[in-house]
Amino acid sequence: MTGQIAIIGAGPSGCFLAQALLKAQPDLRVDLIDRLPVPYGLVRYGVAADHQGTKGVTRQFARLFERQGARFFGNVSIGSDIGLEDLRGAYDAVVLAAGLSADRRLEIPGSDLPGVHGAGKLTRALYEHPEAEALPELGARPLIVGNGNVAIDLLRLLAKSPEELEGSDLGQGPTDWLAASGIEEITITGRSPAAAAKFDTVMIKELGKLADVSIRVIDAGESDDPDAQKKLAALNALEGGAGARRITFRFGLTPVAVEGSDRAAAVRFSTAQGEETLACTSVLTAIGFDTPGDLPRDALLREERDGGLAEGLYATGWFRRGPRGTIPDNRADAGALAERILGALSPDPGKVGAGILAGLDEITDYDGWCRIDSAETANPPPGRCRAKITTREGMLGLARQEDTQ
Amino acid sequence: MNIQVLYGTETGNAEMLAEDIVAELEADHTVAAVNLADFDPSEFDTGTLYLMVCSTYGDGELPASAQPFAEKMAAAKPDLTGVHFGIFGMGDREYDETFNGGPATLAALMTAAGATQLGERIAHDASGAEMAEDLAFPWAEDIVAMAGDALGQAA
């Protein structure tokens, strides 16, 4: 035994860290612990249902458990099932890779009106997260605040026709919801000028393939910067189309209030020229993510330096760096952090490791996930590559069938 | 045969495939996987077959680990006459316009320096139904067979 490391969160940043640790030191004991009964976090519940290529990264993660000796402990909540300090006592090092799953709130008057929805909350419902709320009524003219990649994902899914979702893993409920949405027009707004917008150019180009939309790009402006010019060119190339759903890109709009008597009916913005109010039937906020509050993130990160928080305690991925950077950006972080953890590791053979979890009920393991995965992919409906098990009970039921075949 | 599997990766998928190709070939050949980030163009050798595995990132660009290699190629301008390589691209047809832009750039860098490409540039689609290795293993075998003749002549 050369040391025991617990990683909290089996999403991409946790898995990439486990990969880097085990590559550097193959006989290390690495345990990935997740709140959900299933692994892969953001890849399963955050990467868009129609971006299956991006989800292909799970083939690397499967290898962690199948060949590299990592173990998965699902359905374990840090805080309620076991304390962080208990875990630190049981392992030589603990890494927080819990991500950021809560929507950053739009802190303006009216943002608590019915009809204002966070993008994370909405995409969790679309991707059938077991704790998701019901999909809401968006009305004919939703307005999106924010234009990063999460906002563009949402825009694209809302604008797609049923045929364009072929090959995805969008579930039956969300598929029916989209088909019945009655959306006529989507307005997407950003605070900065288009040249400084947060979306990636490739995400904008992808919108050019949408079959049934007509797109307007208003005041995209100009730039001297070559990267920004690419962005602007991609945006301007979207302009036009004769499809039924209208999409309007707006820039330089800072939201100041959500207006409406009993539900969101408009957003008032400040602009370079003064103020402007855009009517809508719902407001979708995609302005970043925050901790859901299950771990005291601010306090934990107070002394953070290069991923180290305290002796034997580290953080990686979005939990450490905030809601910025793509999946591979977090992979780049993992190599450096693994080196740092291994450099400081002084294994204590007296530590009980996963023994600390022994008293907990209904822990799922990797074999349990494989049974869930097989059940989901064995008979997907036509045009779908997977039909997710949508409830925690359903997942636990399948995971439990151990040794009964 | 001496074979190096040079990979350019961003997410790690190309690295995994490179390692799988090594495992597939190592019974019959002397073969190793090398990250393009750690490879210097001065190391190219006419007696070695180079199997290149490369993804695409962002807007049709080279993946992070291939970028330092491209910079070294631009700075050193090596003469790669007599160097043989095959190239396997990993991409995602969700991003049609820029599909396999990374490997196309890499192949162009090699041939512009005088290297000889064996076989066609193969492109795997991450959004397709096929596994990358199901395309890559037969591709590697084909290139190795072609190289048997080509490297023999060069020696």
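Residues numbered from 1 in each chain as written. Chains lettered and ligands numbered in written order. Predicted model: local features only at pLDDT ≥ 70, side-chain atom pairs only at ≥ 80, totals over all residues. Heavy atoms only, no water.

Draft legend 1. Molecular detail of the overall build of chain A. When helices and strands are tallied, chain A shows 15 helices and 17 strands. In terms of overall dimensions, chain A is globule-like: its C-alpha atoms have a radius of gyration of 22 Å, near the 22 Å expected for 405 residues. With respect to the principal axes defined by its C-alpha atoms, chain A has extents near 65 × 50 × 40 Å. Taken across its 405 residues, chain A has 55% of its residues classed as buried. Long-range pairs, those at least 24 residues apart, make up 76% of the contacts in chain A with a sequence separation of at least 6. A total of about 17000 Å² of accessible surface is found on chain A, and carbon and sulfur atoms cover 47% of it. Side-chain charges of chain A comprise 44 positive and 57 negative groups, with the mean position of each set lying 3 Å from the other. (Helix = DSSP H or I, 4+ residues; strand = E, 2+ residues; numbered from the N terminus. Rg over C-alpha atoms; globule rule 2.2 N^0.38 Å. Buried < 20%, exposed > 50% of the residue type's maximum accessible area, 1.4 Å probe, protein only. Contact = heavy atoms within 4.5 Å. Areas by Shrake-Rupley, 256 points an atom, 1.4 Å probe, with all protein chains shown as cover. Lys, Arg positive; Asp, Glu negative; His and termini not counted. Charge placed at Lys NZ, Arg CZ, Asp CG, Glu CD.)

Draft legend 2. Quick look at a negative patch on the surface. Residues and elements named next belong to chain A. A contiguous patch of negative charge, built from Glu222, Asp224, Asp225 and Asp227, is present on the exposed surface. Within the secondary structure layout, Asp227 lies in helix α10 (residues 226–238). Take Asp227: its relative accessible area is 54%, and that puts it in the exposed class. (Patch = residues over 30% accessible without salt bridge, like charges linked within 9 Å, V, L, I, M, F, W, Y side chains within 5 Å. Salt bridge = Lys/Arg side-chain N within 4 Å of Asp/Glu carboxyl O.)

Draft legend 3. Just the interface of chain B and chain A, in detail. In this complex, chain B contributes 25 residues to the contact, which on the side of chain A involves 21 residues. Buried surface at the junction of chain B and chain A, summed over both partners, amounts to about 1900 Å²; 41% is from carbon and sulfur atoms. Summed over the three residues of chain B that lose the most area to chain A, namely Met16, Glu94 and Tyr95 of chain B, the buried surface amounts to 29% of that side. Applying the counting rule to chain B against chain A returns seven salt bridges. (Buried area = accessible area lost by both parts, 1.4 Å probe.)

Draft legend 4. Broad picture of the side chain of Arg331 of chain A. With respect to the element layout, Arg331 of chain A can be found in helix α13 (residues 327–344). Among the polar contacts listed, one links the side chain of Arg331 of chain A to the backbone oxygen of Thr11 of chain B, at a separation of 3.4 Å. If near-sequence neighbours (up to four positions away) are discounted, Arg331 of chain A is found in contact with Phe16 and Gln19 of chain A together with Thr9, Glu10, Thr11, Gly12 and Glu15 of chain B. (Polar contact = N/O pair within 3.5 Å; in protein donor to acceptor, adjacent residues only side chain to side chain.)

Draft legend 5. Spatial organisation of the sheet that holds strand β2 (residues 29–33) of chain A. All names here are of chain A. Taking strand neighbours across the sheet as the criterion, the six strands line up as β3-β2-β1-β4-β17-β16 in an open arrangement whose pairing is mixed. For this open sheet the edge positions go to β3 (71–73) and β16 (308–310), each flanked by a neighbour on one side alone. Looking at each pair of strands side by side, their axes are set apart by 25° on average, direction ignored. Sheet topology places strand β1 (residues 4–8) next to β2; five bridges connect them, and they run parallel. Its bridge partner lying in β2, Ile8 is registered against Ile33. Packing against the sheet, helix α1 (residues 12–24) makes contact with β1, β2 and β4 (93–96), and its axis sits at approximately 175° to β2. Of the strands in this sheet, β1, β4, β16 and β17 (313–315) are in contact with α13, which crosses β17 at around 180°. (Pairing = 2+ DSSP bridges. Axes fitted to C-alpha atoms, helices over the stretch in contact; angles between N-to-C directions.)

Draft legend 6. Fine view of the pattern of salt bridges. This model, assessed by the stated rule, comprises 29 salt bridges over all chains. In this structure, Glu19 of chain B and Lys23 of chain A form a salt bridge, with 2.8 Å as the shortest nitrogen-oxygen distance. Remark: Lys23 of chain A occurs in helix α1 and Glu19 of chain B occurs in helix α1 (residues 13–25); the pair is interchain, linking two chains. Of the charged contacts, one joins Glu185 of chain A and Arg246 of chain A as a salt bridge, the two residues approaching to 3.2 Å between their closest N and O atoms. Remark: Arg246 of chain A occurs in strand β10 (residues 245–250) and Glu185 of chain A occurs in strand β8 (residues 185–189); sequence separation between them is 61 residues. On the accessibility criterion, Arg246 of chain A (38% relative accessible area) is partly exposed. Here the salt bridges do not stand alone but share partners, grouping Asp50, Asp153, Arg156, Lys160 and Glu206 of chain A into one network.

Draft legend 7. A look at the nonpolar core. Counting residues in each nonpolar core, the largest one holds 88 residues, and the members touching the most others are Ile7, Leu21, Leu235 and Phe249 of chain A. Aside from chain neighbours lying at most four places away, what touches Leu235 of chain A is Ala194, Phe199, Ile204, Val217, Ala220, Phe249 and Phe251 of chain A. Val5, Leu17, Phe88 and Leu118 of chain B belong to the second largest nonpolar core, which has 26 residues in total. (Core = buried A, V, L, I, M, F, W, Y, C linked by side-chain atoms within 4.5 Å.)

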